[in-house]
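Results of the structural survey
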Amino acid sequence: MNIGIIGIGYWGPNLVRNFYNNPKCKKLKVSDLRPGRLEYIKNLFPDISVTANPNELLEDKEIDAIVIATPVTTHKSLALDALRNKKHVFIEKPLTDNYDDACELVDFAKAREKIIAVGHIFQFASSVTAIKNFINEGKPGELFHFNSQRINLGPPHASINVVWDLAPHDLSILLYLFDEYPNKINAFGESRWWNGITDNAHIFMEFPSKRTAHIHISWLSSNKTRKIMLFCSNGNFEYDETKNEDDRVIFYDKGVDNRINHKESEKTKLQYGVGEITKLILPKGEPLALEVDTFLDSIKYNMEPRNNGEIGKEVVRILEIASSAIKEKVYA
Ligand SMILES: NC(=O)c1ccc[n+]([C@@H]2O[C@H](COP(=O)([O-])OP(=O)(O)OC[C@H]3O[C@@H](n4cnc5c(N)ncnc54)[C@H](O)[C@@H]3O)[C@@H](O)[C@H]2O)c1
């Protein structure tokens, strides 16, 4: 397959490297409006052709798919152009900056029978795969609550708020693990350091199955934290992305023991069951390499990837509702 990549700023070069290293990708062409970025890529990969004009990629009949790693405000128009030119598209997260555009894009691709994949890299993280597999094996039981914290200092420049910057990662993990979409969404947010731009926020969700979720995202923490807790009927997961592989995902098979048949008179006394602690073994492989490979396979075999347009759309819907809930409250 021949691939065109548009946008090689901060994130794009990672995509270039992974497509370049994938044997299913035959020819690679890249474009950026900034000549310096093209020189940078040319130095790293002399055999890749580069151009400052993205139309050269969009209109190239030999190119099968376009990868878009530009700022979110440009995603829709570039993706529509690619689809009009009969290309499949891989669009970096978030899919678009509003829900209407996300729906239009997904419908447009469907009508043309083209694949849309969204750069939800964490759907390919080995930790998330290990959790998903462990859940499917049945030991954790019923899932109750997802709680995540993605906080750090930053960003160096703020063109979007912390919700749109950081929450897509947690949302894509959450929707992938729960395999359903929330029917109640609320949010709290404030602007402390970035005049008028939300830099600390909490998103709350409830799902049709009555599961709940809480995501905390912030640019106010000097301590980079990437933590997810998942509470289930038979125990709970702790996933800390900053820990080394052996300790990254732990399942605690313990909690308030409601599985014992207590006598009615003893029910007020809580019993804490101390069970096994399982450190999950994580599958090997770089998440981005797997994400790229899945995209190429989804084109080859005409299959929806797990990071498809529907989940991309849903992430945007939640981001939009959360942002407007925050705006209405104005905690600045
Ligand atoms: N998956 C991840 O973990 C991850 C991480 C970082 C960023 N991203 C996403 O990647 C995308 C890009 O983010 P970034 O931080 O690399 O931004 P960036 O600003 O560093 O780079 C964007 C590049 O796109 C180029 N560009 C803009 N419009 C263009 C056009 N019409 N044609 C050609 N080039 C164009 C710019 O010149 C720039 O070099 C965003 O959607 C962002 O959310 C994803």
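Refer to the structure printed above.
1. Notes on helix α4 (residues 75-84)
- Along α4, the residues that are buried comprise His 75, Leu 78, Ala 79, Leu 80, Ala 82 and Leu 83.
- At its buried positions, α4 is contacted by β1 (2-6), α3 (55-58), β4 (65-68), β5 (88-92) and α5 (99-111).
- Just past α4, the residue Lys 86 takes up positive phi, approximately 65 degrees.

2. Notes on the sheet that holds strand β6 (residues 116-119)
- Taking strand neighbours across the sheet as the criterion, the six strands line up as β3-β2-β1-β4-β5-β6 in an open arrangement whose pairing is parallel. The open sheet is flanked by β3 (49-51) and β6, the only strands paired with a single partner. On average, each strand axis in the sheet is inclined to that of its neighbour by 20 degrees, with strand direction left out of account.
- Of the strand pairs in this sheet, strand β2 (residues 27-31) and β3 are connected by three bridges, and their pairing is parallel. Pairing of Val 30 across the sheet is with Val 50, part of β3.
- Along the sheet face, helix α2 (residues 35-44) touches β2 and β3 and points at about 175 degrees away from the line of β3.

3. Some points on the packing of aromatic side chains
- Counted by the stated rule, this structure contains 10 aromatic pairs.
- Taken together, a centroid distance of 6.4 Å and an interplanar angle of 80 degrees make the contact between Phe 146 and Phe 178 edge-to-face. With Phe 146 in strand β7 (residues 143-153) and Phe 178 in helix α7 (residues 162-178), this pair connects stretches of sequence that are 32 residues apart.
- With relative accessibility at 3%, the residue Phe 178 sits in the buried group.

4. Side note on the site of the ligand
- For the ligand, the set of nearby residues contains 18 residues, the closest of which are Tyr 10, Trp 11, Asp 32, Arg 34 and Lys 93.
- Within the backbone of Tyr 10, an N or O atom sits 2.9 Å from an oxygen atom of the ligand.
- Here Trp 11 contributes a backbone N or O atom positioned 2.8 Å from an oxygen atom of the ligand.
- Contact with the protein chains removes 80% of the 850 Å² of surface that the ligand exposes when unbound.
- Residues that form the shell around the ligand fall into these classes: eight nonpolar, six polar and four charged.

Parameters at a glance
Chains are numbered independently. Their residues run from 1 in the order of the written sequence. Totals for whole chains, interfaces and linings use all residues, but because this is a predicted model, local features are given only for residues with pLDDT of at least 70 and pairs of side-chain atoms are given and counted only at 80 or more. Computation of side-chain values covers all heavy atoms of the structure but excludes hydrogens and water. Buried means the residue's accessible area, taken with a 1.4 Å probe over protein chains only, is under 20% of the maximum for its type, while exposed means over 50%, and partly exposed covers the values in between. Think of it this way: any DSSP run of H or I at least four residues long counts as a helix, any run of E at least two long counts as a strand, and we number them from the N terminus. We call two residues in contact whenever any of their non-hydrogen atoms come within 4.5 Å of each other. The rule for pairing is simple: two strands pair if DSSP sees at least two bridges between them. With axes taken as lines fitted to C-alpha atoms, and helix axes fitted only over the stretch in contact, angles between N-to-C directions fall between 0 and 180 degrees. Pairing of aromatic rings covers Phe, Tyr and Trp, the last counted by its six-membered ring, and requires centre-to-centre distances within 6.5 Å; plane angles under 30 degrees mean stacked, over 60 mean edge-to-face, and any other angle means tilted. Being near a molecule or strand, for a residue, means having at least one of its heavy atoms within 4 Å of it. In protein, a polar contact means a hydrogen-donor-capable atom and an acceptor-capable atom, both N or O and within 3.5 Å, with residues adjacent in sequence counting only if both atoms are side-chain atoms; elsewhere, any N or O pair within 3.5 Å suffices. We get accessible surface area from the Shrake-Rupley algorithm with a probe of 1.4 Å; when it comes to residues, only the shown protein chains can shield them. In this classification, the charged set is Asp, Glu, Lys and Arg, the nonpolar set is Ala, Val, Leu, Ile, Met, Phe, Trp, Tyr, Cys and Pro, and all remaining amino acids, among them Gly, are polar.

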